[in-house]
Amino acid sequence: MQVEKYIDLLSRYYVIMDNQLPIKAELNPKEDYFKLQALTDSYQNQWNQFLKELSTSGRFGRIKELYGSNHSFKVVLHVNAPTDGIVLLVSMIGNQIGMYYSDFNNKPNTTISTSEYKDYVSYYPFSHKQEELARFALDLAWKYFPAFDKFDNTHASIPYCVDMSENQFDKKDLFQAIFSTSIHPVL
Amino acid sequence: VPAWDFAYKRNHKGKELVIVPLIVREGGLPIKGSSSLLLISKNGKNEFQTQIAKVTGDARYMNAKNFKLGDNDFDGIVIIEDLSGNFIEGEAYENGKKVGVLQSNKTDKNNKTKLLSKATTGSFVTIITHKYTRVCSDYGCDTHYAGSESYTIWVESLEEAEPYYGTFYTNGGGGNGGSGSGGGGVEPCNLDNPDCFDSGSTILIEVVEPADRLCIDSFNGFQGGSQNSFWHANVNGLTFEKNPTANIFNAYFSLTNGISDLAMNTPHDGSVLRVTYSPLEFLQATLPELFRNGDIYSRMENGQKYWYFTKYGAQRIAQWSSNMAAGEVYLSVPSPEINPATKGQFVTYAERYLRSILPGSRVTEALNPNAPNTSASYSKTCK
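Here is what the cut-offs are and how they apply
Residues numbered from 1 in each chain as written. Chains lettered and ligands numbered in written order. Predicted model: local features only at pLDDT ≥ 70, side-chain atom pairs only at ≥ 80, totals over all residues. Heavy atoms only, no water. Core = buried A, V, L, I, M, F, W, Y, C linked by side-chain atoms within 4.5 Å. Buried < 20%, exposed > 50% of the residue type's maximum accessible area, 1.4 Å probe, protein only. Helix = DSSP H or I, 4+ residues; strand = E, 2+ residues; numbered from the N terminus. Contact = heavy atoms within 4.5 Å. Axes fitted to C-alpha atoms, helices over the stretch in contact; angles between N-to-C directions. Left-handed = near helix turned anticlockwise from the far one by under 90°. Nonpolar A, V, L, I, M, F, W, Y, C, P; charged D, E, K, R; others polar. Pairing = 2+ DSSP bridges. Polar contact = N/O pair within 3.5 Å; in protein donor to acceptor, adjacent residues only side chain to side chain. Salt bridge = Lys/Arg side-chain N within 4 Å of Asp/Glu carboxyl O.

Peer 1: Summarise the nonpolar core; cite the residues concerned and give the values.
Peer 2: In terms of nonpolar packing, the biggest core is built from 110 residues, with Leu54(A), Phe222(B), Leu238(B), Phe253(B), Leu255(B) and Ile317(B) touching the most fellow members. Examining the composition of this core, we find that eight residues originate from one element, helix α6 (residues 311-332) of chain B, more than from any other. If near-sequence neighbours (up to four positions away) are discounted, Phe222(B) is found in contact with Trp231(B), His232(B), Ala233(B), Val235(B), Phe253(B), Leu255(B), Lys311(B), Ala314(B), Gln315(B) and Ala318(B). Leu17(B), Ile19(B), Ala53(B) and Val78(B) belong to the second-largest nonpolar core, a separate cluster that totals nine residues.

Here it is as structure tokens:
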């Protein structure tokens, strides 16, 4: 999916102020955004089964479900507890599956500038093991969310700002906008 | 910490004073909403007197001044203390002019308010002054609440406060019924007649603060989420105003639970504070009672240490983030009472504060139909 398509997608739910980068959105979402809750709820059983199969696979250490938002699911998967892992999200905005990576022991090659933990997180795997387990988790996610696409992380860091008031912006990026998440390390 | 390089001399009441600015930290953070000075004067040949002057602007003044204290239009209070922190004297200022004399909250042996000043007529006003740290970087400035101080001051010649004089007079001990100023009218109290201010008198309370404060029983309906990995609730009745009439709203709070010791001890940029703090350090500085009472605790799982908190811990942390968000909205939004964007701002700030101590936590405008509902209650008297 091209950047313009992501912008077009987001503009269904948020008021986008213009077509220039960084993308700037108004603080409050459009009314249609609040209809996504019902869609998310309709996938709750699939999400629960996905978590159960992740757990029984024995491939991950701790599996920690966190609240995503009213349009997304979120789970933290420990690869080597507690130092590194994968965060996987499923978003109803554009039917996307997203992943980012965390490692306390290695520096990322490319940093996520909007994260409060930029030394420990990345949109790209830190190791072959993370890459392999991310592929495993993604294949499993597709089993329960077959109509969903993998979010292309080459677009993840496109700046996306939320206008809070004069000269104040909540600085995020496209990934955080689509999946409604902050980028934190494995917890 | 005295900043000796910035010491200067000034004459005050016939004495030469050496004034040394003090760098004051609270919870490790420098206080910018107030200024402390070390005052050194010579009492005798080899005798020096040292006192501390605390200069604190009120919240509105400090915000308008971007947290710089001005000389000519200062609104706030100046308190003189000894080195042990005991109150000696003080003054209140409005627009650079002295409007009152500070008096301690102490009472004498007869349980009567100890008077430190003589004046003609007036009334007591309790001022609660809130302090903020203001931390700036290339991204702009952020504000952090750093506690409050309360002082009762004697404000001279406030004729408009007459109804309160009546209350004083009625409750006053010692048979001060009086002639009044004609027609059975109420005679104003004055400080030559201290019995007039007996204990139990009603005192005009003027609270100078960004908002009312949440009461401790707020948010008592939090519930554990999936596998104890978060606490959550839809919170009803949030606001940020004094005497709210509008902008009372609901929001969903999800607080991450069971966080690894490694994550809790890893410093982050701090989206609100712009200071390098680990979540655990910040929690210990902000809500130490939760550690003392076991509402935040660690346990070992598969050889690793994880941090959990109780339902009451979740309640208190959610209260704290809501109070902080209320202060942020009140200070940063022009006319918040009529600004429709304020709910979104409140939610954004509340989440930033939450994430500072519990990474991965969420606050959203959209409620979660799968979460329980709980209520917020506010009062000026809640702290």
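Peer 1: Give me the lowdown on the packing of helix α3 (residues 44-57) of chain A against helix α4 (residues 128-144) of chain A, citing residues and values where you can.
Peer 2: When two helices pack together, their arrangement is captured by the angle between the axes and the distance separating the axes. All names here are of chain A. The N-to-C vectors of α3 and α4 enclose an angle of 145°; their axes lie 9 Å apart at closest approach. Crossing angle aside, the handedness with which α3 passes α4 is right-handed. Of the residues in α4, those in contact with Gln46, Gln49, Phe50, Glu53, Leu54 and Ser57 of α3 are Phe136, Ala137, Leu140, Ala141, Lys143 and Tyr144. Per-class residue counts for the contact of α3 with α4 are seven nonpolar, three polar and two charged.

Peer 1: Residue-level account of the environment of Asp73(B), with values.
Peer 2: Secondary-structure assignment places Asp73(B) in the loop between α1 (59-64) and β7 (76-81). Considered as a pair, Asp73(B) and Tyr93(B) are 20 residues apart in the sequence and their alpha carbons are 8.6 Å apart.

Peer 1: How would you summarise the environment of Met324(B) if you had to cite specific residues and measurements?
Peer 2: Residues and elements named next belong to chain B. Tracing the sequence through the fold places methionine 324 in helix α6. For methionine 324, a relative accessible area of 5% gives the class buried. Sequence separation of methionine 324 and tyrosine 349 is 25 residues, and the distance between their C-alpha atoms is 7.8 Å.

Peer 1: Kindly report on the sheet that holds strand β9 (residues 159-165) of chain A, identifying the contributing residues and their values.
Peer 2: All names here are of chain A. Pairing is mixed across the open sheet formed by four strands, whose spatial order is β1-β2-β9-β10. Taken across any chain shown, the strands that pair with only one partner, and hence form the sheet edges, are β1 (14-16) and β10 (168-173). Taking the axes of each pair of neighbouring strands and ignoring which way they run, one obtains an average angle of 35° across the sheet.

Peer 1: I'd like a description of the side chain of Ser102(A), backed by residues and values.
Peer 2: All names here are of chain A. Position of serine 102 relative to the elements: it lies in strand β6 (residues 96-103). A relative accessible area of 0% places serine 102 in the buried class. Among the polar contacts made by the side chain of serine 102, one reaches the main-chain amide nitrogen of valine 186 at a distance of 3.0 Å. In this view, serine 102 contacts Thr83, Asp84, Gly85, Tyr120, Val121, Phe126, Gln130, Pro185 and Val186; residues no more than four positions away in its chain are not counted.

Peer 1: Outline the environment of Ile97(A), supporting the account with residue identities and numerical values.
Peer 2: Residues and elements named next belong to chain A. Position of isoleucine 97 relative to the elements: it lies in strand β6. The exposure class assigned to isoleucine 97 is buried, which follows from its relative accessible area of 0%. The spatial distance from the C-alpha of isoleucine 97 to the C-alpha of phenylalanine 179 is 8.6 Å, given a sequence separation of 82 residues. When residues no more than four places from it in sequence are discounted, the contact partners of isoleucine 97 are Leu88, Leu89, Val90, Leu138, Ala141, Trp142, Phe145, Phe148, Asp149, Lys150, Phe151 and Phe179.

Peer 1: Explain the pattern of salt bridges to me, and be specific about the residues and the numbers.
Peer 2: In the structure shown here, the tally under the stated rule is 14 salt bridges over all chains. Ionic pairing is found between Arg59(A) and Glu132(A), a salt bridge with its closest N-O pair at 2.8 Å. On the criterion of sequence distance, the pair formed by Arg59(A) in the loop between α3 and β3 (63-69) and Glu132(A) in helix α4 is long-range, its members being 73 residues apart. In this structure Glu132(A) comes out as partly exposed when scored by relative accessible area, which is 48%. For Arg362(B), the salt bridge is made with Glu351(B), and the minimal N-O distance between the two is 2.9 Å. One end of the pair, Arg362(B), is in strand β20 (residues 362-364); the other, Glu351(B), is in helix α7 (residues 342-357), and 11 residues separate them in sequence. With a relative accessible area of 7%, Arg362(B) lands in the buried category.

Peer 1: Report on the sheet that holds strand β18 (residues 296-301) of chain B, specifying residues and quantitative values.
Peer 2: Residues and elements named next belong to chain B. Pairing is antiparallel across the open sheet formed by three strands, whose spatial order is β17-β19-β18. Two strands in the sheet have a free side with no partner beyond their single neighbour: β17 (259-260) and β18. The sheet contact formed by β18 and strand β19 (residues 304-309) spans six bridges and is antiparallel. By the bridge assignment, isoleucine 296 is partnered in β19 with phenylalanine 309.

Function cannot be read off these values alone, since they describe shape.
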